[in-house]
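Architecture and fold: a report
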Amino acid sequence: MAPKKEDQSRLRWVRLDNAAKIYPAVLRRNWSNLYRQSVTLTEDVDAAVLQRALEVTVPRFPTIAARLRRGVFWYYLQQIPQAPAIREEHSYPMVWMSRREMRRCAFRVVVYRSRIAVEFFHSLTDGNGALIFLKTLTAEYLEQKYGITVPAEEGVLDRRELPKPEELEDSFPKYAAPVTASRKERKAWRLWGEPQPGGFLHQVCMRLPVEAALKGARDRGVTLTVFLGAAMMMALQELQKEKEPFHRRKPIRLLIPVDLRKLFPSKTLRNFAMFTIPELDPRLGDYTFDEICTIIRHKIGLEVTPKHMSTVIATNVRDEQNLAVRLIPLPLKNMVMKAIFDTVGESQSCLSMSNLGAIRLPEVMKPYIRRMDFVLGVQAAAPYNCGILSYGDTLYINFIRNTRVAELERHFFEVLRDLGIPVTVESNQNER
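Quick notes on the rules
Residues numbered from 1 in each chain as written. Predicted model: local features only at pLDDT ≥ 70, side-chain atom pairs only at ≥ 80, totals over all residues. Heavy atoms only, no water. Salt bridge = Lys/Arg side-chain N within 4 Å of Asp/Glu carboxyl O. Helix = DSSP H or I, 4+ residues; strand = E, 2+ residues; numbered from the N terminus. Buried < 20%, exposed > 50% of the residue type's maximum accessible area, 1.4 Å probe, protein only. Pairing = 2+ DSSP bridges. Patch = residues over 30% accessible without salt bridge, like charges linked within 9 Å, V, L, I, M, F, W, Y side chains within 5 Å. Areas by Shrake-Rupley, 256 points an atom, 1.4 Å probe, with all protein chains shown as cover. Axes fitted to C-alpha atoms, helices over the stretch in contact; angles between N-to-C directions.

Section: the pattern of salt bridges
For the structure on display, the rule yields 34 salt bridges. In this structure, lysine 243 and glutamate 407 form a salt bridge, with 3.2 Å as the shortest nitrogen-oxygen distance. Residue lysine 243 is found in helix H9 (residues 224–243), and its partner glutamate 407 is found in helix H14 (residues 407–418); the two are separated by 164 residues along the sequence. The buried category is assigned to lysine 243, whose relative accessible area is 16%. With a closest N to O distance of 2.7 Å, arginine 283 and aspartate 281 form a salt bridge. With a relative accessible area of 10%, aspartate 281 lands in the buried category.

And the structure:
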């Protein structure tokens with residue numbers, strides 16, 4: 001039932017944050033830039049209880065439980081008046097979300113057996129905000145289903161509290177430096193393959209023992225993100241050698257998102273992430289695994305600092321605050337942003353590898369949860385992306401692709417095998 005007109009006036013609305021503005025402009029018929037976070041329980045989900053839990057949770061997150069609205073100069077988010085209906089999963093993850101659907105609600109809650117998945121349009125929030133939403137929703141479900149009490153800790157919010165102002169802020173302008181960074185970047189090699197007809201997205205999950213992966217990282221004096229990034233770039237190097245003659249090879253560049261809350265004292269639940277992009281130049285010959293580890297470690301050490309990231313933030317914020325840009329009508333603004341995105345945006349890297357890290361939960365929730373997963377959507381013009389997290393003693397690496405053959409996954413598996421790390425592989429093809 002549509003909300004009454006007087007109810008609409010009470011719904012909170014916010015301008016899109018600096019990172020969110022690009023996503024509505026670059027939407028296309030076969031790409032809506034969704035990502036998914038999910039929790040798998042020890043028992044099948046009671047959809048009726050989950051629906052009630054969602055209704056309790058939604059008011060706590062007015063900038064995530066929101067719909068995308070169109071203004072004269074910019075899009076904006078408006079709090080939804082009521083929780084959307086829970087959906088059953090009938091096909092592949094992250095089915096295309098139309099603009100019409102986004103105008104009603106820009107996220108979905110999807111159930112499959114014991115799995116609760118939430119799919120977010122990227123303008124709503126980044127991986128950190130999405131994780132807090134999923135944890136809080138799951139906590140409310142467990143409380144209603146099993147009569148337990150889950151404390152507001154480890155990223156679980158109290159559903160009875162009002163949203164806090166710091167959770168709703170756009171932190172980009174707040175932490176922008178007085179100087180800007182250069183945008184000059186080299187174009188990267190673009191992965192390609194035979195498209196999968198019908199828009200089907202293949203999801204391949206590799207499960208690794210956390211301790212084995214951590215040992216591999218410690219042996220080389222690097223973090224787990226550096227270690228996994230090196231494995232990914234090694235796989236990309238081998239795949240490019242397999243697919244391209246030497247004279248056609250281009251730089252291999254991996255986009256690694258950075259949660260800026262680890263660098264700045266922000267508590268926002270909106271987008272607040274940037275990235276670093278390590279690079280291999282194939283003209284210089286093959287790189288060993290240890291060489292790639294060194295390259296990524298130094299790249300992160302140089303760029304993932306408050307001072308450097310504040311200059312990158314400033315570059316984006318300054319464009320947004322330009323008076324001429326602000327006064328351009330939205331249709332023309334969309335055309336310009338889409339053209340820039342198509343020529344510069346995704347051409348900077350082969351794919352994104354986003355690691356949410358080790359997921360922590362209140363102790364009382366752990367007996368009810370078997371696993372958690374993070375799945376990025378494919379890029380607009382490239383067939384792959386990769387989302388990573390660890391829960392308990394298992395590392396979950398989720399590849400997504402829209403091409404027929406699992407080429408990158410095969411090379412990544414072989415790199416891990418050669419490093420002596422045991423891997424279990426599963427695919428959504430097994431469920432069809």
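Back to the write-up after that little detour.
Topic: the sheet that holds strand E6 (residues 107–112)
Across the sheet, five strands lie side by side as E5-E6-E7-E2-E13; this open sheet has mixed pairing. Two strands close off the open sheet at either side, each with one partner strand: strand E5 (87–88) and strand E13 (369–376). Strand direction decides the pairing type here: strand E2 (residues 34–41) and E13, joined by seven bridges, are antiparallel. For serine 38, the partnering residue across the bridge sits in E13 and is aspartate 373.

Side note on a nonpolar patch on the surface
Side chains of Leu332, Met335, Val336 and Ile340 sit close together on the surface and give an oily, nonpolar patch of about 390 Å² of accessible area. By the secondary structure assignment, valine 336 is in helix H13 (residues 330–345). Overall, the relative accessible area of 40% leaves valine 336 in the partly exposed class.

Notes on the sheet that holds strand E4 (residues 75–79)
An order of E1-E4-E3 is seen for the three strands of this open sheet, with the pairing classed as antiparallel. Two strands in the sheet have a free side with no partner beyond their single neighbour: strand E1 (13–15) and strand E3 (66–70). The sheet shows a mean angle of 30° between the axes of neighbouring strands, direction not considered. In this sheet, E4 lies alongside E1 in antiparallel orientation, the contact comprising three bridges. Note on E4: the bridge partner recorded for valine 14 is leucine 77.

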